[in-house]
Amino acid sequence: MGFTVAIDGPAAAGKGTISRAVAAHFGFAHLDTGLIYRAVGKRVLDGEEPLDVARSLSAEDLDALGLRTPQVAQAASRVAVEADVREALVDFQRAFAMRDGGAVLDGRDIGTVICPEAPAKLFVTASPEVRAVRRHKELLETGHDAGYDSVLADVRARDERDRTRATAPLKPADDAVTIDTSHMSIDEAVAAAIAVVTKARG
Ligand code: DC
């Protein structure tokens, strides 16, 4: 029987880094569910219909190049509003969560909708300004020179859309442990997350 770790939170709060470190620590598989929505968003930007893409999405789509751009992030956040698109992506995520050997899934609705029974749930957050600084630095490192103000506006726009949508809005599950990484180093945030999962494993 697999052990599922659900990690949710807004863009650029540190979910990805924490999820990869938790997965490596416990030897669990990791799925970045944002990549699923980005893969759909990218194919929609290329002219396809969101629901057709969601129904035909394959694991290879998650390896597509160019999923990390701000344009694709916004397209992902827009397709993620559509209830039928989200529904079409549920089985893929649940199958991953149930795999033998344990799984870490990170996203927006893992603890609330995809895996409400997960024994370990984290909500990783940070202030919009801190998240914008981190995302700006990441983008510069990968050769995308968006200005800080535009990155902050992008973070705020996605927060607003992700939090206020009718289906599976971004919010902590009632039994999630919140980790605010605004004033934490990566090592501190990872240690806090590992402590929560260790306790949940009993
Ligand atoms: O985590 P990310 O920045 O790669 O996610 C891109 C968008 O996908 C995000 O703005 C909202 C959407 N998303 C979602 O609605 N549900 C998830 N579980 C993961 C991502």
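To be clear, the structure that these remarks concern was listed above.
Numbers given to residues run from 1 along each chain, matching the order in which its sequence is written. The model is predicted, so local features are restricted to residues of pLDDT at least 70 and side-chain atom pairs to those at 80 or more, both for listing and for counting; the totals for chains, interfaces and linings are taken over all residues. With hydrogens and water set aside, each side-chain value is computed from the structure's full complement of heavy atoms.

So, the overall build of the chain
Numbered from the N terminus, helices here are DSSP runs of H or I no shorter than four residues, and strands are runs of E no shorter than two. Across its full length, the chain carries 10 helices and 5 strands. Per-residue accessibility, obtained with a 1.4 Å probe over protein chains only, is compared with the maximum for each type, and a residue is labelled buried under 20%, exposed over 50%, and partly exposed between these values. Taken across its 202 residues, the chain has 50% of its residues classed as buried. Between two residues, a contact is recorded if the distance between any of their heavy atoms is within 4.5 Å. Excluding contacts between residues fewer than 6 apart, the proportion of contacts in the chain whose partners are at least 24 apart in sequence is 78%. Accessible surface, the chain as shown: approximately 9,700 Å² in total, 54% of it carbon and sulfur. Considering the chain, the positive charge centre built from 25 side chains and the negative charge centre built from 31 side chains are found 2 Å apart. Using a 1.4 Å probe, the Shrake-Rupley method yields the accessible areas, and only the shown protein chains count as cover for residues. All tallies of charge rest on Lys and Arg as positive and Asp and Glu as negative; His and the ends of each chain are not included. By convention, charge coordinates are those of NZ in Lys, CZ in Arg, CG in Asp, or CD in Glu.

Notes on the site of the ligand
Think of it this way: one heavy atom of a residue within 4 Å of a molecule or strand is enough to make that residue near it. Residues in contact with the ligand amount to 15 residues; listed here are only the nearest, Arg38, Arg86, Arg108, Arg158 and Arg165. Pairs of N or O atoms within 3.5 Å make up the polar contacts considered here, provided that, within protein, one atom can donate a hydrogen while the other can accept it, and that residues adjacent in sequence are counted only when both atoms are side-chain atoms. One of the side-chain nitrogen or oxygen atoms of aspartate 109 is found 3.0 Å away from a nitrogen atom of the ligand. Arginine 158 places a side-chain nitrogen or oxygen 2.8 Å from an oxygen atom of the ligand. In isolation the ligand offers 450 Å² of accessible surface; the protein chains occlude 97% of this area. Among the secondary structure elements, those contributing two or more residues to the shell around the ligand are helix H2 (33–45), helix H4 (70–79) and helix H9 (148–164). Broken down by element, the shell around the ligand gets its largest block of residues, 4 residues, from H2. Only Asp, Glu, Lys and Arg are considered charged, only Ala, Val, Leu, Ile, Met, Phe, Trp, Tyr, Cys and Pro nonpolar, and every remaining residue, Gly among them, polar. Residue classes in the shell around the ligand are distributed as 3 nonpolar, 4 polar and 8 charged.

Observations regarding a negative patch on the surface
Here, patches come from residues exposed beyond 30% relative accessible area and free of salt bridges, joined within 9 Å for like charges and within 5 Å for nonpolar side chains (Val, Leu, Ile, Met, Phe, Trp, Tyr). When a carboxyl oxygen of Asp or Glu is within 4 Å of a side-chain nitrogen of Lys or Arg, the pair counts as a salt bridge. A contiguous patch of negative charge on the surface is contributed by Glu49, Asp52, Glu82, Asp84, Glu87 and Asp91. Tracing the chain through its elements places glutamate 87 in helix H5 (residues 83–88).

A short note on the packing of H4 against H9
Close contact between H4 and H9 brings their axes to 10 Å; oriented N to C, the two are set at 15°. One element, H4, and the other, H9, form an angle in the roughly parallel class. When the axes of H4 and H9 are compared, the crossing they make is left-handed. Residues Pro70, Ala73, Gln74, Ser77 and Arg78 of H4 lie in contact with H9, whose contacting residues are Asp154, Ala157, Arg158, Arg161 and Asp162. Think of each axis as a best-fit line through the C-alpha atoms, taken over the contacting stretch in the case of a helix, with angles from 0 to 180 degrees between the N-to-C directions. If an angle is under 35 degrees, it is roughly parallel; if it is over 145, roughly antiparallel; if it lies from 65 to 115, roughly perpendicular; otherwise it is oblique. A crossing counts as left-handed when the near helix is turned anticlockwise from the far one by less than a right angle, and as right-handed when that turn is clockwise.

Quick word on the pattern of salt bridges
With the rule as written, the count across this model stands at 14 salt bridges. For glutamate 48, the salt bridge identified is with arginine 43, shortest N-O distance 2.9 Å. In this structure, aspartate 159 and arginine 131 form a salt bridge, with 2.6 Å as the shortest nitrogen-oxygen distance. One end of the pair, aspartate 159, is in helix H9; the other, arginine 131, is in helix H8 (residues 128–141), with 28 residues separating them in the sequence. Of the two residues, aspartate 159 and arginine 131, both sit in the buried class.

Looking at the sheet that holds strand E2 (residues 29–32)
The pairing criterion is simple: DSSP has to find at least two bridges between the two strands. In space, the 5 strands of this open sheet follow the order E2-E3-E1-E4-E5, with parallel pairing throughout. At either end of the open sheet lies a strand with only one pairing partner, and these are E2 and strand E5 (177–180). The sheet shows a mean angle of 20° between the axes of neighbouring strands, taken without regard to direction. The sheet contact formed by strand E1 (residues 4–8) and strand E3 (residues 103–107) spans 5 bridges and is parallel. When the sheet's bridge partners are listed, isoleucine 7 is paired in E3 with aspartate 106. Packing against the sheet, H2 makes contact with E2 and E3, and its axis sits at approximately 40° to E2.

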